[in-house]
Amino acid sequence: MDLSEWKELASGIKKIDEQHRRLSELLDLFYSGQKIGYSKEKLDKVLDELIKLNVEHMFTEEALMERTGYPGFEKHKREHEFMKRKIAEILMKRKKGKEYLVDTLEFFEEAIYEHFKNVDRDFINFLNDKLKEYQPFQRDILESVGERILSKDEFLKLLSKYTTFLKEANLIAVILLDIDDFIEINFEYGFEIGDTILENFGVYLKNKLVHPKIFLGKAEKDEFLIAFYDCTFVEALDLIENIMDLVRKYEFKYKGEVIKFSASLGVAFYPQDGETVSELLGACEMALKIAKNKGKNTWEIFNREFIKESKEIVRIKKLLEKAISEKKVLPYVQPIFDSEKRKIAGFEVLLRIVDENGKVIKAGEIIEIANEKGYIDKLEEIVLEKINNEKILKLFRNRYLFINKTLRGAKKINILIEEVEILKEMVEKYEVYPVIEITEYSFIEHIELLPPLTQAIKKEKIYLAIDDFGVGYASFSYLLNAETDFLKIDGSIVKEILKSKKHVSLIKAINFMAKELGIKTVAEFVEEEKLADLLYILGMDYLQGFYLAKPMPLEELERLIKKS
């Protein structure tokens, strides 16, 4: 459908809508004329206009139905034929001088009015859906693009039409804008203020990027999509620099403070970087990832070299899919030790998968893709399923069992709440003390969703741990209301304490704060004896790392426990 066809469709809808309005007015006039005593001549005049417009309306509808391929055309047409016969009968009665007004009123009320209200509505809904499906490619025609920021689906649908119909035009530049470290703003000022800032920034961008060939959409969380069609490469570069400058100049004032941030951009061009919307979006995401890795606050244009990375992603995806379908997911465990007596106090369950050659793949090689592509939930489910049997659980008796969980919104919280029943059974039957382990980043990002989960586990001997604690956050005040039981101190802090007094002070402060709040601490990446000894002196409750024990399969764990 080209622009002229779209205009014709829009014009047809408008015509039908105008006919409906006028028919409704004439029906009301006919009914009210009966009540207030219009003369027969006056009523006949209204009736003639009503019948003439109704026939014209039916013709307009049928022509448009046939042209647009309306699936209910034949049924609709049969109703029209019935109405035409009834109208012919009424006109014949009037011609013969017979009473016709009563029949006419009954017919209009029971047939025509109901037809407008129900049957015609289905056709109008069909036309409107078709209109949305084939959006025009001019800002002055598609007023909705200029009036608001499109949703992601709307943006991609519109972009799809451009890539379909503008093949002879210049480039289409697609830009994915991601606000750097926006989670810190959410954490510092609250999610409600964060949402307000995102909305305000979106309006700011829309108002600043006023151009007939640019449209803007809201993507995920703190991301925005921008498209510039029929542009040259130089024009696209100017737009990129303009966007970066706009971000630098943006300010949000809140309680006397000025909130600012930076952003990273991933840029792709149609058609060379992708001929479909999904290919273009994938290219933007890849370019954005490179920009982020370069230190953020910058932009990157997609390069075919990125394809190598893309192929690796595809390889890992296939590996994950095979591991899930064939349940080639292995739970490994790493013991956690009491810092004073150096006895096993618990275990962390770690994810491993087996590749096509039987090689065991560590979580670090797959976890990012598993998270990004949505495989992590199923992997975690299989891990829990594999450790939830009597023989294995007896190995963990009277010890903590740290189980890693990735939060992905309210749905995942509900899944975890359902899993509480499984964990509760571990406590009651086997005297195992499960600890749900969540990264600090994930914890902060979903802190508002956590209360139902914390309330569910509080009733049982089930605990909550924050993993990777102490990295990237300027304030620990959220711990006051976090209801967590363990802090697992990130290895990047732990391994520095032998050579940095500042890191020693930080560990001291964390331990002091944790003890005041009744929270236990676990040091990760403990890789030598001196480090273990110093951590004990600094007040760390538990230790975990290669010096004490490496991650191991369940069979090896069984031998270790028997030996100890």
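Computed from a predicted model, the values in this text were never measured in an experiment.

**Here's the deal with the pattern of salt bridges**
In the structure shown here, the tally under the stated rule is 33 salt bridges. Residue Glu431 is joined to Arg397 by a salt bridge in which the shortest nitrogen-to-oxygen separation is 3.4 Å. With a gap of 34 residues between them, Glu431 in the loop between helix 15 (410-430) and strand 12 (433-439) and Arg397 in the loop between helix 14 (390-393) and strand 11 (400-404) connect regions that are remote in the sequence. Residue class for Arg397 comes out partly exposed when judged on its relative accessible area of 30%. For Lys488, the salt bridge is made with Glu524, and the minimal N-O distance between the two is 3.6 Å. In this pair, Lys488 sits in strand 14 (residues 486-489) while Glu524 sits in the loop between strand 15 (520-523) and helix 20 (529-537), placing the two residues 36 residues apart along the sequence. Among the charged side chains, a network of salt bridges with common partners joins Glu348, Glu437, Lys488 and Glu524.

**Things to note about the packing of aromatic side chains**
Per the stated rule, a full pass over the model turns up 23 aromatic pairs. Pairing Tyr204 with Tyr250 gives two aromatic rings, centres 5.0 Å apart and planes at 55°, and the pair type is tilted. Of this pair, Tyr204 sits in helix 8 (residues 191-208) while Tyr250 sits in the loop between helix 9 (233-249) and strand 4 (252-254); the two residues are 46 residues apart in sequence, bridging distant segments of the chain. For Tyr250, a relative accessible area of 2% gives the class buried. Pairing Phe486 with Tyr542 gives two aromatic rings, centres 6.3 Å apart and planes at 50°, and the pair type is tilted. Highlighted residues: Phe486 in strand 14 and Tyr542 in strand 16 (residues 542-543), separated in sequence by 56 residues. When its relative accessible area of 2% is taken as the criterion, Phe486 is described as buried. Joined through ring pairs, the aromatic side chains of Phe182, Phe201, Tyr204, Phe224, Tyr250 and Phe261 make up one cluster. One Lys or Arg, Lys488, reaches over the ring of Phe402 and ends 5.1 Å from the middle of that ring.

The rules we used
- Residues numbered from 1 in each chain as written.
- Predicted model: local features only at pLDDT ≥ 70, side-chain atom pairs only at ≥ 80, totals over all residues.
- Heavy atoms only, no water.
- Salt bridge = Lys/Arg side-chain N within 4 Å of Asp/Glu carboxyl O.
- Helix = DSSP H or I, 4+ residues; strand = E, 2+ residues; numbered from the N terminus.
- Buried < 20%, exposed > 50% of the residue type's maximum accessible area, 1.4 Å probe, protein only.
- Phe/Tyr/Trp six-rings, centres within 6.5 Å; stacked < 30°, edge-to-face > 60°.
- Lys NZ or Arg CZ within 6 Å of the ring centre and 35° of its normal.

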